[in-house]
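What the coordinates show
Read off the chains here:
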Amino acid sequence: MGLIVSTSNRLLGNDIYITQSGNGLDLDITQDGNNNRVSTKSTAASNATLIGKNQTINFTQTGDNNKIGLYKHTYGSDTQTSSTMKAVQTGNNLIMYLDNHGDNNNMDAEQIHNNAIMDLEIDYNNNDVIAKQKCSEISCDQDRMVLNIYGGNNNEVMLGQGYGLQSDGTWQYGGQEHGGHYMNVYISGDNNDLMAAQKANNTSTEQSLNTYVLGDNNDIHLQQYHNGDKTLNLYVYNNDNDVHVKQQKTYAQTATISLNGSYGTTLNLQMGTNNTTQAGFYSFSQNCQTVGGCSISATQN
């Protein structure tokens, strides 16, 4: 199958720029509004190039001035079998960058927002990513979510801003979100399960989250939740860690966590569940050399 799409409805100003050739493409694109575009990853008015097998692409954009950029193609010896990309954008002034180099990768991304950016990219195989951002206001502070995963396989990732995530993967939305969060996350490792979510439920929305992994078989569940401030950095760099972190309610919490070591650590850090003093700081580092792993738990309320 060969497909070249370069269309523009100048009445509504919606554009699609795609060049595709190769097997089993299943493509659905819907645009409803003004000045929306699907194109190359930079979102410039030039063609995205899709070359591969068994691709499924399904985009929907509702609103004005929304951009989806994609760059999904054969990369080196990669034949791109059975990978899917799904994206929904509802609102105005939204940008989503999608990418996929590898086989059997599934990305499902959604923005119900105004003025938000989502960066996604996957290299290599069998990764599943679900990412959502949501704001309830007409004028939202900018949310930005960045994923990456370079060279990692068999990772399962769920990311939410404006949403909470239960440990069982259940999404929670409180009905009032103003945006303004930031998230990073970079994995490059195998067999990691990671869930991260930030939500505020009021106008004091400053939260931030950076997470790197570069290790295998880690189970990481991070939450920040409700009201303002909060900053969390987690690094890891080793294998077999079981990590749970919560920072909840009211303002000013900070946590810096590292881990590392020859063996994994079980960590359960919970800060400020009932914090009303706007205090809280925790810096933690670990290098576990104990056969069978290490265990640490810290709580501040």
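One structure accompanies this document, and this report is about it. (Residues numbered from 1 in each chain as written. Predicted model: local features only at pLDDT ≥ 70, side-chain atom pairs only at ≥ 80, totals over all residues. Heavy atoms only, no water.)

1. Looking at the pattern of salt bridges
Tallied over the entire structure, the rule returns five salt bridges. Its salt-bridge partner being K41, residue D99 comes within 3.0 Å of it at the nearest N-O pair. Of this pair, D99 sits in strand β9 (residues 95-100) while K41 sits in the loop between β4 (37-39) and β5 (48-51), and the two are 58 residues apart along the sequence. For R144, the salt bridge is made with D119, and the minimal N-O distance between the two is 2.7 Å. On the criterion of sequence distance, the pair formed by R144 in strand β13 (residues 144-146) and D119 in strand β11 (residues 117-119) is long-range, its members being 25 residues apart. (Salt bridge = Lys/Arg side-chain N within 4 Å of Asp/Glu carboxyl O. Helix = DSSP H or I, 4+ residues; strand = E, 2+ residues; numbered from the N terminus.)

2. As for the environment of Y163
Inspection of the secondary structure assignment puts Y163 in the loop between β14 (156-161) and β15 (164-165). The buried category is assigned to Y163, whose relative accessible area is 7%. Along the chain, Y163 and K134 lie 29 residues apart, while their C-alpha atoms are 7.1 Å from each other. Not counting residues up to four positions away in its chain, the partners in contact with Y163 are E110, I112, K132, Q133, K134, W171, Q172, Y173, A197, Q198, K199 and Y225. (Buried < 20%, exposed > 50% of the residue type's maximum accessible area, 1.4 Å probe, protein only. Contact = heavy atoms within 4.5 Å.)

3. Brief notes about the packing of aromatic side chains
Under the criterion given, the structure shown has five aromatic pairs. A ring pair is formed by Y212 and Y235, whose centres lie 5.7 Å apart and whose planes are at 0 degrees; its orientation type is stacked. With Y212 in the loop between β19 (208-211) and β20 (219-223) and Y235 in the loop between β21 (231-234) and β22 (242-247), the pair connects residues that are 23 residues apart, well separated along the chain. Among the residues examined, Y235 registers a relative accessible area of 24% and is labelled partly exposed. Consider the rings of Y235 and Y237, whose centres lie 6.2 Å apart with planes at 5 degrees: the pair is stacked. Among the residues examined, Y237 registers a relative accessible area of 40% and is labelled partly exposed. Taken together, the aromatic side chains of Y163, W171 and Y173 make up a single cluster linked through ring pairs. Above the plane of the ring of W171 lies K132, whose end atom (NZ or CZ) is 4.7 Å from the centre. The positively charged end of K134 is found above the aromatic ring belonging to Y173, 4.1 Å away from the centroid. (Phe/Tyr/Trp six-rings, centres within 6.5 Å; stacked < 30°, edge-to-face > 60°. Lys NZ or Arg CZ within 6 Å of the ring centre and 35° of its normal.)

4. A few points about the state of the cysteines
Overall, the coordinates contain two disulfides when judged by the stated rule. A sulfur-sulfur separation of 2.1 Å characterises the disulfide bridge that pairs C135 with C140. Here the S-S torsion is close to -100 degrees, and the disulfide linking C135 with C140 is therefore left-handed. On the accessibility criterion, C135 (7% relative accessible area) is buried. What makes C140 buried here is its relative accessible area of 6%. Here C288 engages in a disulfide with C294; their sulfurs sit 2.1 Å apart. With the S-S dihedral at roughly 85 degrees, the linkage between C288 and C294 falls on the right-handed side. Look at C294 and you get buried, because its relative accessible area is 17%. Assigning the bonded cysteines of the protein chain consecutive numbers by sequence position, one obtains the connectivity 1-2, 3-4. (Disulfide = S-S within 2.5 Å.)

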